[in-house]
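# Commentary on secondary and tertiary structure
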Amino acid sequence: MSIRISVAICALLLGLPCAPALADDAALRTALEAARRDFEARGPAGLDRLDLDAVQTVCNRWANNPPSELQSLLQAEQLAAVKYPEGGNYLGDWKKGEALAQSGRGLTWSDGAKVATGGNCYNCHELASTELAYGTLGPSLARYGQRRGRSPDLLRYTWAKIYNAKASSLCSNMPRFGHSGALGEAQIRHIMAYLFDPQSPVNR
Amino acid sequence: MKPSSRKTGRRAQKLLRAGAAVAAALAVAGAGAGQPTAAETQAEIERYRAMLAEDNPAELYAARGEELWNTPRGPKQAALAGCDLGLGPGVVAGAYAQTPRWFADAGRVMDIEARLAWCMETLQGFSAADIAARPFGSEDHKSDMEALVAYVVTASRGYPIAPSQKLPQERAAYALGKSLFALRAGPYDFSCQTCHSQDGKRIRLQELPNLTRREDVRRAYTGWPAYRVSQGEFRTMQWRINDCFRQQRFPQPKYLSETVNALITYLAVEATGATYNGPAMKR
């Protein structure tokens, strides 16, 4: 979606003044033009990565704080596109989930096409109490299942969070792992098990 | 800096032995199930620092860079004595601290690396393609550019960071850098800001400077370019930005491109007034 269309959505659908000023549009357009000139495809990282979708466009355009009406509109659209697992079968194998949570590999230009994409969880979150090398960009998920239980609503909510964090918080820092195709259904099920299984080190 | 070559030779042996040992230790620890703990990594680096007393392997790169600077090279067999880094032909002391800046002869805003490349092209006759072919060196393929940058930035130690913002082109480079810093894209929707706009955060155990805060920019900028212990190589600012784009899951920025230059300009301007005390030793 082009910048103009996103601004048009804001103006027409919502009748908003569309602050901040149009100067920001020009700055965003200039930055995109420079990027399109200055980047080159390498390995799995193609130039199509510079094509912004609606969420990226709006978050860029409003410095991650879009008008609330626009936010709700796009969040609803993202939520509607979440694919839940076949047969409500949310939980896979926590051991495989642990390996995925540990791996920060994949999708960079130095990763070959055959490198399996990891879940990157430990880059930003605390999980098992035994793993001290955790990042702090995201909230702690220590004892996640133990603390929060395993109600169907919570399973569904957590699935949607991993699948597409932007469905509940439009300009969240967290990647949209399912939506972008970085992780498949089976992998998300394993990571879910790592969070919820009573035997998982996250809950012990 | 003019250490006698014998002294440099002895020190080189010592530094490289120590560096290889630490790089190996970090690599082994990193390959294990977990990563090395912060304390382990820090202890390893402290041990390395102690081993070197106040020596930083960047000095070796700087010494080689000085030699390269003074040696007639390239198709035109010219030395870089005629290279104008902004303070006049051949003036190296303090020049880096005033980059990036507009260079009228080239008609663009250049960081120190772009300027060195321009001199290599125009004075020595190297082709742009050759210069861009392998700018970031490795153990078995050392980079001349990294050595030249080490030499030039070392000669700005103690100088205040003072990139010019007088000309509209220089201000445009800053503004572009600022916008690019916030540009989210790619499979993970990352921008520089995703990792660098909060205080006191880390990825795994690596501390993240908040580059939207002047104090943090100053600390980061005045240490780069730097010797990277984990890689056993001297790395430039072009490399730093390039590798962050890699982690951002972006495609690769072209070497010396306007995009990378603009980001360096943004950081340099934010660091204005701080005293350059690099090249530092980094993880």
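None of the values given here were measured: they were computed from a predicted structure.

What counts, and where the lines are drawn
- Residue positions are counted from 1 within each chain, in the order its sequence is given.
- Numbering of ligands from 1 and lettering of chains from A proceed in the order in which they are written.
- For a predicted model such as this one, the threshold for reporting local features is a pLDDT of at least 70, and the threshold for listing and counting side-chain atom pairs is 80 or more; totals across whole chains, interfaces and linings nevertheless cover every residue.
- The side-chain numbers reported here are obtained from all heavy atoms of the structure, hydrogens and water having been left aside.
- Helix numbering and strand numbering both begin at the N terminus, where a helix is a DSSP run of H or I of at least 4 residues and a strand a DSSP run of E of at least 2.
- In this scheme, a residue with accessible area under 20% of its type's maximum is buried, one over 50% is exposed, and one in between is partly exposed, where area comes from a 1.4 Å probe on protein chains only.
- The criterion used for residue contact is that any of the two residues' heavy atoms lie within 4.5 Å.
- Where accessible areas are quoted, they stem from the Shrake-Rupley method and a 1.4 Å probe; at the residue level, only the protein chains shown are allowed to cover.
- Salt bridge criterion: a side-chain nitrogen from Lys or Arg within 4 Å of a carboxyl oxygen from Asp or Glu.
- An automatic or database domain assignment supplies the start and end points of every domain.
- The term buried area means the drop in 1.4 Å probe accessible area that two parts suffer when joined, counted for both and summed.
- Between N or O atoms, a polar contact is any pair within 3.5 Å; within protein, one atom must be a potential hydrogen donor and the other a potential acceptor, and residues adjacent in sequence are included only when both atoms are from side chains.
- Helix axes are fitted to C-alpha atoms over the stretch in contact, other axes to C-alpha atoms as well, and angles between N-to-C directions run from 0 to 180 degrees.
- Take the far helix as the reference: if the near one is turned anticlockwise from it by less than a right angle, the crossing is left-handed, and if turned clockwise, right-handed.
- The predictor attaches a confidence to each residue, and that confidence, scored 0 to 100, is pLDDT.
- Disulfide: a pair of cysteine sulfur atoms within 2.5 Å of each other.

### What about the overall build of chain A?
- Looking only at helices and strands, chain A features nine helices and one strand.
- Listed N to C, the secondary structure of chain A is α-α-β-α-α-α-α-α-α-α in terms of helices and strands.
- The buried share of chain A, reckoned over its 204 residues, is 49%.
- In chain A, of all internal contacts separated by at least 6 residues, the share reaching a separation of at least 24 is 60%.
- Entry remark: accessible area of chain A is about 9,600 Å², with carbon and sulfur atoms responsible for 55%.

### Describing the pattern of salt bridges
Residues and elements named next belong to chain B.
- Applying the stated criterion to the full structure yields 21 salt bridges over all chains.
- A salt bridge links R213 to D216, with the shortest nitrogen-to-oxygen separation between them at 2.9 Å.
- With relative accessibility at 31%, the residue R213 sits in the partly exposed group.
- In this structure D216 comes out as buried when scored by relative accessible area, which is 7%.
- Salt-bridge contacts for E270 lead to R214; the nearest nitrogen and oxygen are separated by 3.1 Å. With E270 in helix α11 (residues 258-270) and R214 in helix α9 (residues 214-221), this residue pair connects regions lying 56 residues apart in the sequence.
- By relative accessible area, E270 is classed as buried at 12%.
- Ionic contacts of the salt-bridge type, sharing partners, join the residues D199, R213, E215, D216 and R219 into one network.

### Quick notes on the domain arrangement of chain A
Residues and elements named next belong to chain A.
- In terms of domains, chain A is made up of domain 1 (3-80) and domain 2 (86-203).
- At the junction of the two partners, domain 1 supplies 17 residues and domain 2 supplies 14 residues.
- Across the domain 1 to domain 2 interface the summed buried area is about 1,200 Å²; carbon plus sulfur atoms make up 60%.
- Broken down residue by residue, the surface that domain 1 buries against domain 2 is led by P44, Q75 and Q78, which jointly contribute 40%.
- Counting across the interface, domain 1 meets domain 2 through one salt bridge.
- Linking domain 1 with domain 2 are five residue pairs in polar contact (both at pLDDT 80 or more), by the criterion used here.

### Some words on the packing of helix α4 (residues 112-122) of chain B against helix α6 (residues 144-154) of chain B
Residues and elements named next belong to chain B.
- Look at α4 against α6: their axes get within 10 Å of each other, and the N-to-C directions meet at 115°. Considering only the axes of α4 and α6, their crossing is right-handed. Contact residues: I112, E113, L116, A117 and M120 in α4; M145, L148, V149 and V152 in α6.

### Some thoughts on the confidence of the model for chain A
Residues and elements named next belong to chain A.
- Taken residue by residue, chain A gives an average pLDDT of 90. The fraction at 70 or more is 89%.
- Confidence over residues 1-5 falls short of pLDDT 50; this stretch has 13 contacts with residues more than four positions distant or in other chains.
- The low-confidence segment residues 10-23 (pLDDT under 50) makes 21 contacts with residues lying over four places distant or belonging to another chain.

### What to know about the state of the cysteines
- Counted according to the given criterion, the structure contains two disulfides over all chains.
- Sulfur-sulfur distance for the disulfide between C59 of chain A and C171 of chain A comes to 2.0 Å. The disulfide joining C59 of chain A to C171 of chain A has a torsion of about -90° about its S-S bond and is therefore left-handed. A residue pair is termed long-range when its members are at least 10 positions apart, and C59 of chain A in helix α3 (residues 54-61) and C171 of chain A in the loop between α8 (152-163) and α9 (185-196) qualify at 112 residues. Of the two residues examined, C59 of chain A and C171 of chain A, each falls in the buried class.
- Two residues share a disulfide in this structure: C83 of chain B and C119 of chain B, whose sulfurs sit 2.1 Å from each other. Residues C83 of chain B and C119 of chain B are joined by a disulfide whose S-S torsion is about 80°; by sign, that bridge is right-handed.

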